[in-house]
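Residue-level listing of the chains:
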Amino acid sequence: MTPGGRSRASLPLAVTAAAGALVLLAAGMGAVVWADLSLPERASLAPILEPKLGLVVALLLLAISGLGMLVAALHRRYVQVPARLAEDAAVLLQEDGKRVLESVGSPETRELVRQFNLLLEQRQALRADVDLQISEAKRTVEEEKNRLAALMSELNQSVVVCNLDGRVLLYNNQARRQFRALSEAPGAAGGGELIGLGRSIYSVFERNLIAHALESIQHRLRRGAAHPVANFVTTSRAGQLLRVQMAPVLGARDGQGVAMTGFILMQDNITKSFESDARRDQMLHTLTEGNRASLANVRAAAEMLDYPELQEALRERFRTVIRDEVEAMSERLDRTASEFTDSLKVRWPLEEMLGADLVAAAQRRIEGAIKLPTKLEEVDESLWVKVDSFSLLQAISYLASRLSDEFEVREVRFRLSGVGRLAHLDLIWSGQAMSTETVMNWELEPMHFAGEVSPLTVRDVIDRHGGEMWLEREKVQHRAFFRLLLPMAAPQEEVEPDMFLRGGSRPEYYDFDLFSWSEKSQGLEDQPLAALAFTVFDTETTGLKPSEGDEIIQIGATRVLNGKLLRQESFEQLVDPQRPLAAESAQIHGITAQMLVGQPTIDRVLPAFHAFAEDTVLVAHNAAFDMRFLQLKQARTGLAFDHPVLDTLLLSAVVHPNQESHRLEAIAERLGVGIIGRHTALGDAMVTAEVFLKLLPLLAEKGIRTLGQARAAAEQTYYARVKY
């Protein structure tokens, strides 16, 4: 039990003890006097006392009541008031403002308050002096920070920096605008940011794609490459085409070389440019193929007109053919120039890659995922290819998996050579021969292997590269191989290794805490509260009875990371409740039925909010109420909000058990938090987030520092019993 809880529990005990002591004192005094009387005195006194016994009991009860009131008054003055002052003092010690402790209680307590306020004034003066020194020391750092911010904001390319767990620790405005556009694209959930500090980049990019690029960079680092970068092209969940370049963030050099501590992603949305290229290609195709037949007809008719003995009727007929074909060509030209088809097959951009690196990556993938041994035959180390390495490696691994599963192949070999402008990549094996029909089936089936599922087929991947694939047999050696024809690229020029890779130094700008944050370092329940990411949210509803049909009409949320409120990373969305809205409810939250017309339903809003809150701890005030609304929608939406949950109402009761009110307004006033936008979902979420940040150091003072400790303490409070 907390000290405040013990102070409240001690009051009835103190009153009971005082009453018992008075009764025992009266009984003892009566027993002593009675024992001192002689038998005649007792006999003469008994008739006198018996009629007065009721009066004696009444006087005793009156004395007990008076004593109880006296003890209660003393308890309030000397126990409860100091306990409340102690809670207020703990709040003031966490603030930087000029508030002081209220002078209440006994003269001794008032004197103690006066001395405490003097200490507060001295501390504020010392802090002001320290702040002055710190601000002077930070001046140069702030200048560097502003230069970096200006540089990042002026970049036309979006930049995102992540640690090795994929947590975002830096991004620029261009990246925010780009990812916001992706979230608002047709087919996207919408309503919230896809990117934010501490959020996972895997909410935007496929995890396997990032892992493949990281593996490629690490392999190039081990080979001592000058610029170990990886390039890939992918589609967003909304169908946007993104070209991404990944570069490593390198740590300090040790005995084993330079280690990666994170990675940088530079993205370009190339959807429009590729749509434009595809439309241009289609236009040229229409002009050439569509007009070819017309030109042939015109040429044939013109040749027939050269015959002098041609009858006039046939001559007029050929002239008509020429006019019709010319008009058709003119119409086709106008239509092609003004209209473009949207149903085109998208050309996939390819990146240049050293062929030997592609083969090495294929070996690692097959041996790691399929557990199938690999070997090399002739591999041209100087050959460069233009490929989409991610999808191509999927295709090669899929073929190796089918060979292993269906033909019990125990080893595959690779051969790479160049012929003209094409590279020949051979996947070789020994064993049972297969039919052409089997090869065709493998080419046309979606690729499923080793737990990976892809909607693409091998034929899709080959067509994407503009190449070919066929089966050949080596009868003398009793072997067969798949030959993949891939486009070759011009050899890239090797440059002098970077100074840092040779052991030099580079300028040091910042120390990002998230570089050292690993999800695997400790369990969530044991993690410090200050190290977690939080989504603080609130809902506005049609009423207060979720189990009786009331619905959500607005969701607002913000994020807290590393002890900071990220105001720019917010979620706010009105919701069509699909039921009438009571007019009196608008007086509370200001949302009218007209404002909800045309808004998305909860089926569309909850997936967006679920994505916004992914991998975070949920925080709300009176969270049981809001969570009940979310839980009732689980069957309808298929979304389980199984996040850990913290409630600022319960946490306030933990740190301030002697306070009479734990309403959000009362807590905010007690902690010095300003209230703006009350009774709007986002406004309440912002206030709750600031209150939560104020409660964290107060919880730490009580020894509550981890998520598990906070949840356990909250469950012990009286308010945790409230159900909805």
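So, how was this worked out
Residues numbered from 1 in each chain as written. Predicted model: local features only at pLDDT ≥ 70, side-chain atom pairs only at ≥ 80, totals over all residues. Heavy atoms only, no water. Helix = DSSP H or I, 4+ residues; strand = E, 2+ residues; numbered from the N terminus. Buried < 20%, exposed > 50% of the residue type's maximum accessible area, 1.4 Å probe, protein only. Contact = heavy atoms within 4.5 Å. Areas by Shrake-Rupley, 256 points an atom, 1.4 Å probe, with all protein chains shown as cover. Expected span 1.5 Å × (residues − 1). Pairing = 2+ DSSP bridges. Axes fitted to C-alpha atoms, helices over the stretch in contact; angles between N-to-C directions. Phe/Tyr/Trp six-rings, centres within 6.5 Å; stacked < 30°, edge-to-face > 60°. Lys NZ or Arg CZ within 6 Å of the ring centre and 35° of its normal. Salt bridge = Lys/Arg side-chain N within 4 Å of Asp/Glu carboxyl O. pLDDT = per-residue confidence, 0-100. Polar contact = N/O pair within 3.5 Å; in protein donor to acceptor, adjacent residues only side chain to side chain. Core = buried A, V, L, I, M, F, W, Y, C linked by side-chain atoms within 4.5 Å. 1 Å grid on protein atoms, 1.4 Å probe; cavity = no way out; pocket = protein on both sides within 12 Å on 5 of 7 lines; lining within 4 Å. Points joined across faces, edges and corners; volume = space filled by probe spheres on them. Nonpolar A, V, L, I, M, F, W, Y, C, P; charged D, E, K, R; others polar.

Topic: the overall build of the chain
The helix and strand tally for the chain stands at 19 helices and 19 strands. The 724 residues of the chain split such that 42% are buried. For the chain, long-range pairs separated by at least 24 residues make up 69% of all intrachain contacts whose partners lie at least 6 apart in sequence. Of the roughly 39300 Å² of accessible surface on the chain, 55% is carried by carbon and sulfur atoms.

Observations regarding helix α9 (residues 389–407)
Look at α9: 26 Å from first C-alpha to last across 19 residues, which is about the 27 Å you get at 1.5 Å a residue. Just past α9, the residue Glu408 takes up positive phi, approximately 55 degrees.

Here's the deal with the sheet that holds strand β15 (residues 533–541)
Read across the sheet, 5 strands follow the order β17-β16-β15-β18-β19 without closing on themselves; strand pairing throughout is mixed. Of all strands in the sheet, those with a lone pairing partner are β17 (564–574) and β19 (645–647), marking the two edges. Strand after strand, the sheet turns through a mean of 25 degrees between neighbouring axes, direction not considered. Direction of pairing for β15 relative to strand β16 (residues 552–561): antiparallel, over a ladder of 9 bridges. Looking at the pairing, Glu540 lines up with Gln554 of β16. Lying on the sheet, helix α13 (residues 602–612) is in contact with β15, β16 and β17; it crosses β16 at an angle near 5 degrees. The sheet contacts of helix α18 (residues 681–701) involve β15, β16, β17, β18 (617–620) and β19, and relative to β16 the element is tilted by about 30 degrees.

A look at the packing of aromatic side chains
Evaluation of the coordinates by the stated rule reveals 10 aromatic pairs. Judged by centre distance (5.8 Å) and plane angle (45 degrees), the ring pair of Phe571 and Phe612 falls under tilted. Residue Phe571 is located in strand β17, and its partner Phe612 is located in helix α13; the two are separated by 41 residues in the primary sequence. On the accessibility criterion, Phe571 (1% relative accessible area) is buried. One aromatic cluster in this structure is built from Phe537, Phe571, Phe609, Phe612 and Phe641. Against the face of Phe481 rests Arg415, its NZ or CZ located 5.0 Å from the ring centre.

Re unusual backbone geometry
At Glu408, a residue that is not glycine, the phi angle is positive and equals roughly 55 degrees. Unlike most non-glycine residues, Asp615 shows phi in positive territory, near 60 degrees. By secondary structure assignment, the location of Asp615 is in the loop between α13 and β18.

Describing the pattern of salt bridges
Two side chains of opposite charge can pair, provided their charged atoms sit close to one another. Inspection of the entire model under this criterion finds 28 salt bridges. Among the ionic pairs, Glu411 bridges to Lys375, the shortest N-O distance being 3.6 Å. Note that Glu411 is positioned in the loop between α9 and β9 (412–419) and Lys375 in strand β7 (residues 374–379), a separation of 36 residues in sequence. What makes Glu411 partly exposed here is its relative accessible area of 26%. In this structure, Asp550 and Arg579 form a salt bridge, with 3.5 Å as the shortest nitrogen-oxygen distance. Placement of Asp550 in the loop between β15 and β16 and of Arg579 in the loop between β17 and α12 (586–589) is noted, with a sequence separation of 29 residues between them. We classify Asp550 as buried; its relative accessible area is 12%. Its relative accessible area of 35% is what places Arg579 among the partly exposed residues. In the salt-bridge network here, residues are joined through shared partners; they are Lys375, Glu377, Glu411, Arg413, Arg415, Asp426, Glu474, Arg479 and Arg483.

So, the environment of Ser216
If you trace the backbone, Ser216 turns up in helix α5 (residues 207–222). Judged by relative accessible area, which is 12%, Ser216 ranks as buried. Counting along the chain gives 141 residues from Ser216 to Asp357, while the straight-line C-alpha distance between them is 8.2 Å.

Observations regarding the confidence of the model for the chain
Fine structural detail should not be taken from predicted coordinates in areas where pLDDT scores are low. Mean pLDDT over the chain works out to 78, with 76% of the residues at or above the 70 mark. In this model, residues 340–347 is a region of pLDDT below 50 whose contacts with residues beyond four sequence positions or in other chains number 13 contacts.

Observations regarding the side chain of Asp647
Topologically, Asp647 is positioned in strand β19. Within the structure, the side chain of Asp647 is placed 2.8 Å from the backbone nitrogen of Asn622, a separation counted as a polar contact. Here Asp647 is in contact with Ala620, His621, Asn622, Ala623 and Ala624, once residues within four sequence places are set aside.

A closer look at the pairing of β17
Each regular strand displays side chains that alternate between the two surfaces of the sheet. Where β16 lies against β17, 8 bridges are found, and the strand directions are antiparallel. Opposite Ile555, over in β17, you have Gln573 as the bridge partner. Between β16 and β17, which pair antiparallel and follow one another directly, the connecting turn spans 2 residues, one of which, Asn562, has a positive phi of 55 degrees.

Looking at the nonpolar core
Counting 46 residues, the largest nonpolar core has Leu403, Leu425 and Phe482 as its most contacted members. Here the element with the most residues in this core is α9; it accounts for 9 residues. Not counting the four nearest positions on each side in its chain, Phe482 is found in contact with Leu399, Leu403, Leu425, Asp426, Leu427, Trp429, Met434, Val439, Trp442, Met469, Trp470 and Leu471. The next biggest cluster of nonpolar side chains, apart from the first, holds 36 residues, and it includes Leu529, Leu682, Leu698 and Leu699.

Thoughts on empty space enclosed by the protein
Within this structure, the stated rule accounts for 5 cavities of 30 Å³ or more. Approximately 50 Å³ is the volume attributed to the largest cavity. Residue lining of the largest cavity: Glu551, Ile552, Val575, Asp576, Pro577, Gln578, Ile602, Lys633 and Arg636, and that is the complete set. When its residues are assigned to classes, the lining of the largest cavity shows 4 nonpolar, 1 polar and 4 charged.

Focus: the pairing of strand β10 (residues 422–430)
For β10, a buried count of 7 out of 9 residues is recorded, marking the element as mostly surrounded by other parts of the structure. Bridge count between β9 and β10: 7 bridges; the pairing is antiparallel. Following the sheet pairing, Leu416 is matched in β10 by Leu425. Counting the residues in the hairpin turn of β9 and β10 gives 2 residues, including Gly420, whose phi is positive at 65 degrees. By the bridge criterion, 9 bridges tie β10 to strand β14 (residues 479–489) in an arrangement that is antiparallel. Directly across from Ala423, in β14, lies its bridge partner Leu486.

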